[in-house]
Amino acid sequence: MVQLARIGITSTPAIHEDRRIESVNTVFVDAIADAGGLPVLLPVLDPQVADAALDGIDGLLLSGGGDIDPAFYGAEPVPEVYDVDPRRDAWELALVDAALRRRIPVLGVCRGHQVLNVARGGRMIQHVPLLTEVDHQERERFGELIHGVRVDPDSLVASVLGTDELGVNTLHHQAVAEPGEGLRVVALSDDGLIEAVESADRRVIGVQWHPELLQHRPEDRRLMRWLVEEGQLHRLAEHPTSSGALGSALA
């Protein structure tokens, strides 16, 4: 029996009909399932249980959402900061710390890319329009290629994507200003914004665009496949008796 890699996906707290809910955009779930993984919802909980929450999780997908509270990176908020949820921030920062400590592979998407950076002590641009005239928040064109990205050809991201140049969608008004400890910048937008980071141990990737909304493109499918395959390898390391099943899964 094939043991699927369990990929934890962070959720977004919301209010529906006066009730609190935890939501995940279905495109994240579908992208992981299509890549051969088993999506597992990770609701917002007390940061103290982050390590326990990753028991049995083989990979972590940090999904999109609102702005990170600037207090977490030592800054005062500008007026344009919105949709802040410090409880979610604290939870996801704790998840990142636990995942890195346990060498669980991580993929951060848009907000998730920013969470990765803040978790490692990096700084943020709180409102991109203050720095560039290029519109990086094309919400109505979420499935279209809006601008180009140049990728370091010697990076993990380039090897995963299979290219060092690609077009991406863009739904953000914040961006990474300076990478956190252990992260290096490996991709820039046409106007010089940081579009991707990765770790030296090749277990962490953060991208500013939304590959889950571009699954019709092979480059973006490969990012999700990378996370699932790395998750399968992590599962093998944690459960070596499952080697036969994992060998079938990776074939």
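Let me begin by describing the structure that accompanies this report. Keep in mind that this is a model prediction, so the values were computed, not measured.

Let's talk about the overall build of the chain
Logical step 1: A tally of regular secondary structure across the chain gives seven helices and 13 strands.
Logical step 2: Against the compact-globule benchmark of 18 Å for 251 residues, the chain has a radius of gyration of 17 Å, which places it among compact chains.
Logical step 3: C-alpha extents for the chain along the principal axes are approximately 55 × 40 × 35 Å.
Logical step 4: If you take every contact in the chain between residues at least 6 apart in sequence, the share linking residues at least 24 apart comes to 70%.
Logical step 5: Approximately 11200 Å² of the chain is accessible, and the part contributed by carbon and sulfur atoms is 50%.

Some points on the layout of surface pockets
Logical step 1: Its boundaries defined by the atoms lining it, the largest pocket holds a volume of some 490 Å³.
Logical step 2: In terms of residue class, the lining of the largest pocket is built from seven nonpolar, 14 polar and five charged.

Examining the sheet that holds strand β1 (residues 6-10)
Where strands meet in a sheet, backbone hydrogen bonds hold them as pairs that are either parallel or antiparallel.
Logical step 1: A sheet is described by the order of its strands in space; here nine strands give the open sequence β4-β1-β5-β6-β13-β12-β11-β8-β9, paired in mixed fashion. Edge strands, defined here as strands with exactly one partner in the open sheet, are β4 (38-42) and β9 (165-168). Put simply, the sheet's adjacent strands are angled 25° from each other on average, direction ignored.
Logical step 2: Sitting on the sheet, helix α4 (residues 111-119) is in contact with β5 (59-62), β6 (106-109), β11 (183-189), β12 (194-199) and β13 (204-207), with an inclination near 120° to β6.

As for the pairing of strand β3 (residues 19-23)
Logical step 1: Note that strand β2 (residues 12-16) and β3 share five bridges and pair antiparallel. Paired with T12 across the two strands is S23, which belongs to β3.
Logical step 2: Two successive antiparallel strands, β2 and β3, enclose a turn made up of two residues, where E17 displays a positive phi of approximately 50°.

Re the nonpolar core
Logical step 1: Counting residues in hydrophobic clusters, the biggest one holds 32 residues, and the most contacted among them are I32, L61, L107, V151, I205 and W209.
Logical step 2: If we skip the residues at most four places from it in the chain, I32 touches I7, I9, G37, L38, P39, L61, M224, L227 and V228.
Logical step 3: Counting residues in each nonpolar core, the second largest holds 28 residues, with L62, Y73, I104 and V197 among its members.

Section: the environment of S199
Logical step 1: Note on placement: S199 falls in strand β12.
Logical step 2: For S199 and D135, which are 64 residues apart along the polypeptide, the C-alpha to C-alpha distance reads 28 Å.
Logical step 3: Excluding residues that lie within four positions of it along the chain, S199 makes contacts with G182, L183 and V204.
Logical step 4: Here the side chain of S199 touches R203 through a polar contact of 3.4 Å, landing on its backbone nitrogen.

Examining α4
In an α-helix, one full turn covers 3.6 residues, which means residues spaced three or four apart are oriented alike.
Logical step 1: Most of α4 sits out of view: nine of its nine residues are buried.
Logical step 2: Considered for burial, the residues of α4 that qualify are R111, G112, H113, Q114, V115, L116, N117, V118 and A119.
Logical step 3: Of the residues trailing α4, G121 is marked for its positive phi of about 85°.

Quick notes on unusual backbone geometry
Logical step 1: Even without a glycine there, the phi angle at D83 is positive, about 55°.
Logical step 2: Its place among the elements puts D83 in the loop between β5 and α3 (86-101).
Logical step 3: Under the relative-accessibility criterion, D83 is labelled exposed at 56%.
Logical step 4: Despite not being glycine, R202 has its phi angle at roughly 65°, a positive value.
Logical step 5: Inspection of the secondary structure assignment puts R202 in the loop between β12 and β13.
Logical step 6: For R202, a relative accessible area of 41% gives the class partly exposed.

Criteria and cut-off values
Residues numbered from 1 in each chain as written. Predicted model: local features only at pLDDT ≥ 70, side-chain atom pairs only at ≥ 80, totals over all residues. Heavy atoms only, no water. Helix = DSSP H or I, 4+ residues; strand = E, 2+ residues; numbered from the N terminus. Rg over C-alpha atoms; globule rule 2.2 N^0.38 Å. Contact = heavy atoms within 4.5 Å. Areas by Shrake-Rupley, 256 points an atom, 1.4 Å probe, with all protein chains shown as cover. 1 Å grid on protein atoms, 1.4 Å probe; cavity = no way out; pocket = protein on both sides within 12 Å on 5 of 7 lines; lining within 4 Å. Points joined across faces, edges and corners; volume = space filled by probe spheres on them. Nonpolar A, V, L, I, M, F, W, Y, C, P; charged D, E, K, R; others polar. Pairing = 2+ DSSP bridges. Axes fitted to C-alpha atoms, helices over the stretch in contact; angles between N-to-C directions. Core = buried A, V, L, I, M, F, W, Y, C linked by side-chain atoms within 4.5 Å. Buried < 20%, exposed > 50% of the residue type's maximum accessible area, 1.4 Å probe, protein only. Polar contact = N/O pair within 3.5 Å; in protein donor to acceptor, adjacent residues only side chain to side chain.

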